[in-house]
Amino acid sequence: MAHLVFIETTALGVQSIAYAKRLGHEVTLLRSPLYDFITPPAERARAEVLADRTLHSADLQEVGLLTGLLGEHGIGVGDVDAVLSTLSLCVLSASRLAERLGAHGTPYEAAAAARDKGRCREILRETGVPSLGFAVVTTPQQALAAAADIGYPVVIKPVSGVGKAVTSIVKDPDGLRAHFASSAEELRTMQPGIAAELDERYIVEELAVGELYSVEVAAGSERFTPLVAVGRKMGRDNPVLELGCTVPSGLPADEEAELGRYAVRVCEALGLTLGIFHVEVMQTVLGFRLVEVNPRISGGSLPDSVRMATDHNVFEILVDLFLGAPAPARPLPWHRAASHTFLAAARDSVVPRDLPADWFEEFRPRLHSGWNRAEPGARLRSMKGNFDTFGMIRVVGDDADRAAREVAAVRRDIEERLGFALTAVAESRGEQAAAAPARGDG
Ligand SMILES: Nc1ncnc2c1ncn2[C@@H]1O[C@H](COP(=O)(O)OP(=O)(O)OP(=O)(O)O)[C@@H](O)[C@H]1O
Ligand SMILES: [Mg+2]
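Analysis parameters
- Residues numbered from 1 in each chain as written.
- Chains lettered and ligands numbered in written order.
- Predicted model: local features only at pLDDT ≥ 70, side-chain atom pairs only at ≥ 80, totals over all residues.
- Heavy atoms only, no water.
- Salt bridge = Lys/Arg side-chain N within 4 Å of Asp/Glu carboxyl O.
- Helix = DSSP H or I, 4+ residues; strand = E, 2+ residues; numbered from the N terminus.
- Buried < 20%, exposed > 50% of the residue type's maximum accessible area, 1.4 Å probe, protein only.
- Axes fitted to C-alpha atoms, helices over the stretch in contact; angles between N-to-C directions.
- Parallel < 35°, antiparallel > 145°, perpendicular 65-115°, else oblique.
- Contact = heavy atoms within 4.5 Å.
- Nonpolar A, V, L, I, M, F, W, Y, C, P; charged D, E, K, R; others polar.
- Donors = N, O, S within 2.8 Å, 3.2 Å for Na, K, Ca; no water.
- Near = heavy atom within 4 Å.
- Polar contact = N/O pair within 3.5 Å; in protein donor to acceptor, adjacent residues only side chain to side chain.
- Areas by Shrake-Rupley, 256 points an atom, 1.4 Å probe, with all protein chains shown as cover.
- Core = buried A, V, L, I, M, F, W, Y, C linked by side-chain atoms within 4.5 Å.
- Domains from an automatic or database assignment.
- Buried area = accessible area lost by both parts, 1.4 Å probe.
- Left-handed = near helix turned anticlockwise from the far one by under 90°.
- Pairing = 2+ DSSP bridges.

A.B. asks: Just to check I follow, could you spell out the pattern of salt bridges for this structure?
C.D. replies: For the coordinates displayed, the defined rule picks out 27 salt bridges. A salt bridge links Arg22 to Glu316, with the nearest nitrogen and oxygen atoms 2.7 Å apart. Remark: Glu316 occurs in helix 12 (residues 314–322) and Arg22 occurs in helix 1 (residues 14–22); sequence separation between them is 294 residues. The partner of Glu122 in a salt bridge is Arg119, with the nearest N and O atoms 2.9 Å apart. Taken together, the residues span about one helical turn, with Glu122 and Arg119 both in helix 6 (residues 117–127) at a distance of three residues. Overall, Arg119 belongs to the partly exposed group, its relative accessible area being 34%. Through salt bridges with shared partners, a single ionic network connects Glu8, Arg31, Asp36, Arg44 and Glu48.

A.B. asks: Just checking my understanding: could you explain the packing of helix 5 (residues 108–115) against helix 6 for this structure?
C.D. replies: Packed helices, taken two at a time, are described by their axes: the angle between them and the distance between them. As a packed pair, helix 5 and helix 6 sit with axes 5 Å apart at the nearest point and diverge in direction by 105 degrees. Looking at the two axes, helix 5 sits roughly perpendicular to helix 6. Contacts between helix 5 and helix 6 involve Ala113, Ala114 and Arg115 from the former and Lys117, Arg119, Cys120 and Ile123 from the latter. Here the contact of helix 5 with helix 6 is built from residues that sort into four nonpolar, no polar and three charged.

A.B. asks: Just to check I follow, could you spell out the coordination of the magnesium ion (ligand 2) for this structure?
C.D. replies: Note on metal sites: the ideal angle is 109.5 degrees for four tetrahedral donors, and 90 or 180 degrees for six octahedral donors. Around the magnesium ion (ligand 2), the protein contributes the donor atoms Glu280 (OE) and Glu292 (OE), which lie 1.9 to 2.3 Å from the metal centre. Placement of Glu280 in strand 12 (residues 275–284) and of Glu292 in strand 13 (residues 287–294) is noted, with a sequence separation of 12 residues between them.

A.B. asks: Looking at this model, I keep getting lost on the site of ligand 1. Mind explaining?
C.D. replies: Neighbouring ligand 1 are 23 residues; Lys117, Lys157, Lys164, Glu205 and Glu292 lie closest to it. Measuring from an oxygen atom of ligand 1, one finds a side-chain N or O atom of Glu292 at 2.7 Å. Compared with its free state, where it exposes 600 Å², ligand 1 has 97% of that area covered by protein. Secondary-structure elements contributing two or more residues to the shell around ligand 1 are strand 6 (154–158), strand 8 (202–206), strand 12 and strand 13.

A.B. asks: Would you take a moment to explain the nonpolar core for this structure?
C.D. replies: Across soluble globular proteins, nonpolar side chains show a tendency to be buried alongside one another. Ile7, Leu30, Val83, Leu97 and Val204 are the most contacted members of the largest nonpolar core, which has 39 residues in total. Taken together, the elements giving at least two residues each to this core come down to strand 1 (3–7), helix 3 (63–72), helix 4 (91–101), helix 7 (140–150), strand 6, helix 8 (173–188) and strand 8. Residue assignment places this core across two domains, with domain 1 (3–105) and domain 2 (133–206) each supplying three or more. Those residues in contact with Val204, other than ones at most four positions away along the chain, are Gly133, Phe134, Ala135, Val137, Ala143, Ala146, Ala147, Ile150, Val154, Val155 and Ile156. Formed by 34 residues, the second largest nonpolar core is a distinct cluster that contains Ile17, Val230, Leu321 and Ala338.

A.B. asks: Would you mind going over the domain arrangement of the protein with me for this structure?
C.D. replies: How big an interface is tends to be stated in terms of accessible area lost as the parts join. Along its sequence, the protein is organised into domain 1 (3–105), domain 2 (133–206) and domain 3 (211–435). Once you take the C-alpha centre of each, domain 2 and domain 3 turn out to be 25 Å apart. In this complex, domain 2 contributes seven residues to the contact, which on the side of domain 3 involves eight residues. Three residues stand out in domain 2 for area buried against domain 3, namely Gly163, Lys164 and Ile169, and they jointly supply 58% of the buried area on that side. For the pair domain 2 and domain 3, the number of links is one salt bridge.

A.B. asks: How should I be thinking about the packing of helix 1 against helix 2 (residues 41–50) in this particular structure?
C.D. replies: Viewed as axis vectors pointing N to C, helix 1 and helix 2 meet at an angle of 20 degrees, and their least axial separation amounts to 10 Å. Between helix 1 and helix 2, the angle is such that the two are roughly parallel. Once helix 1 is placed against helix 2, the crossing between them reads as left-handed. Along its contact with helix 1, which presents Val14, Ile17, Ala18 and Lys21, the element helix 2 presents Glu43, Arg46, Ala47 and Leu50. Considering only residue class, the contact of helix 1 with helix 2 consists of five nonpolar, no polar and three charged.

A.B. asks: Just checking my understanding: could you explain the sheet that holds strand 14 (residues 337–343) for this structure?
C.D. replies: Sheets are built from strands that pair by backbone hydrogen bonding, the pairs being arranged parallel or antiparallel. The sheet built from eight strands is open, its strands ordered 13-12-9-10-11-14-18-16 with antiparallel pairing. Of all the strands in the sheet, the pair left with one neighbour each is strand 13 and strand 16 (369–372). Strand-to-strand twist across the sheet, computed as the mean angle between neighbouring axes with direction ignored, equals 25 degrees. By the bridge criterion, seven bridges tie strand 14 to strand 18 (residues 391–397) in an arrangement that is antiparallel. Residue pairing across strands places Thr341 opposite Ile393, the latter belonging to strand 18.

A.B. asks: Explain helix 4 here, please?
C.D. replies: Since the α-helix turns once every 3.6 residues, residues separated by three or four places project in the same direction. Most of helix 4 sits out of view: eight of its 11 residues are buried. Three or more residues of helix 4 are buried, namely Val91, Leu92, Ser93, Ala94, Ser95, Leu97, Ala98 and Leu101. On its buried face, helix 4 is in contact with strand 1, strand 2 (26–31), helix 3, strand 4 (82–84) and helix 5. Downstream of helix 4 by a residue or two, Gly102 has a phi angle that is positive, lying close to 70 degrees.

A.B. asks: Would you take a moment to explain the sheet that holds strand 2 for this structure?
C.D. replies: Across the sheet, which stays open at both edges, the four strands sit in the order 3-2-1-4 with parallel pairing between neighbours. The open sheet terminates on both sides in strands that have one partner only, identified here as strand 3 (53–56) and strand 4. Averaged over all neighbouring strand pairs, the angle between strand axes comes to 20 degrees, with direction disregarded. Of the pairings in the sheet, the one linking strand 1 to strand 2 comprises five bridges and is parallel in character. Directly across from His3, in strand 2, lies its bridge partner Glu26. This element, helix 3, spans strand 1, strand 2 and strand 3 of the sheet and lies at about 135 degrees to strand 2. Docked against the sheet, helix 12 engages strand 1 and strand 4, running at close to 140 degrees with respect to strand 4.

Pasting the structure below:
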């Protein structure tokens, strides 16, 4: 029996804890109310029921506090086999704690380099992995100079940003000035758990133009495997916004293999030798280019879509890796297609009060799965990032294009039922196909 320490969990990440318990391992869960906004109460409660013990701390970033807390329960150096986190905001802390306890963990230096988008691109440059032009800046003046150098349009985002916090695509100097002007307000109203991640550093990057993909790269026992590649749905009006995924990716086999090799090179260059890493990559005319690498498994709904398409659970593979198993030898073969789309309001909106409480149920028969938090009368904030979604809809079928078209059609019908605009998906990802006449196959 091994002892695993999890720092926080995402909603779907509870599956890792459940799996570790099914295998008969001991699980300690470290939690803080700072991250309550990420994981719904039911999943949080389930994680705590599954874990052998849950230790609460006001702060999960200070490794001394965590070792102290564990020490109070008789857990010290040599008592723990692995420390991991499925939550972006806690991966660095998990790496640090693993090193301190002499347990398996994602190497801290590598995780820290990945979480620092500037350092990450520096390493790619040093190791010859194709990347994008960039500069790290702390003032609007430096940002203007960097953008002039790189050439507009550019992306500006916090070096350790998550969830699309204060991220903009800007096409001219005025856009950059507007970014800095509005960022102060955004930082003021942000969840403290996210604000704690950010400092005054921004990265200004060349804009990669093309289709966005992500790859889950598994690393363990000196093997790196691109487990699964998926196509990502971006916002039509603001491509920074992330609106869902389709698995399989839809890329021809040779291009998907090249994408996998590229994502593996990125993880190798950074030294991400243990874990599952979420690598976001744009296919540009010049080839695949990194958008960012998250030194943790995918968040959102993607892991469940992968499970539905491949019959493999990436949260189980994650636990196996941390317990010393080598990365799977090959990418996960897929048997079905799954496409999910997030629901979010394009502008501040109110759900009509006269809708039935169970309005979402009307759409269930057309879906494989989904959820909705928009009750009649609810006020919805216009979508600024990942945490502003109020629902998710998913179609599973034989064909990726068809699944994407079907889920797009349901999204449009939901929009009509709600009577306000939802954040629209960029046309290349199923929406356009849905608007076009059916190709005779329904
Ligand atoms: N250099 C770039 N070129 C083109 N698009 C980009 C670039 N950088 C970021 N984007 C877009 O902005 C989005 C957010 O950027 P990024 O993934 O780096 O930030 P994030 O806030 O860490 O997101 P996450 O929620 O995945 O943690 C990307 O998904 C992509 O659509
Ligand atoms: Mg991202």
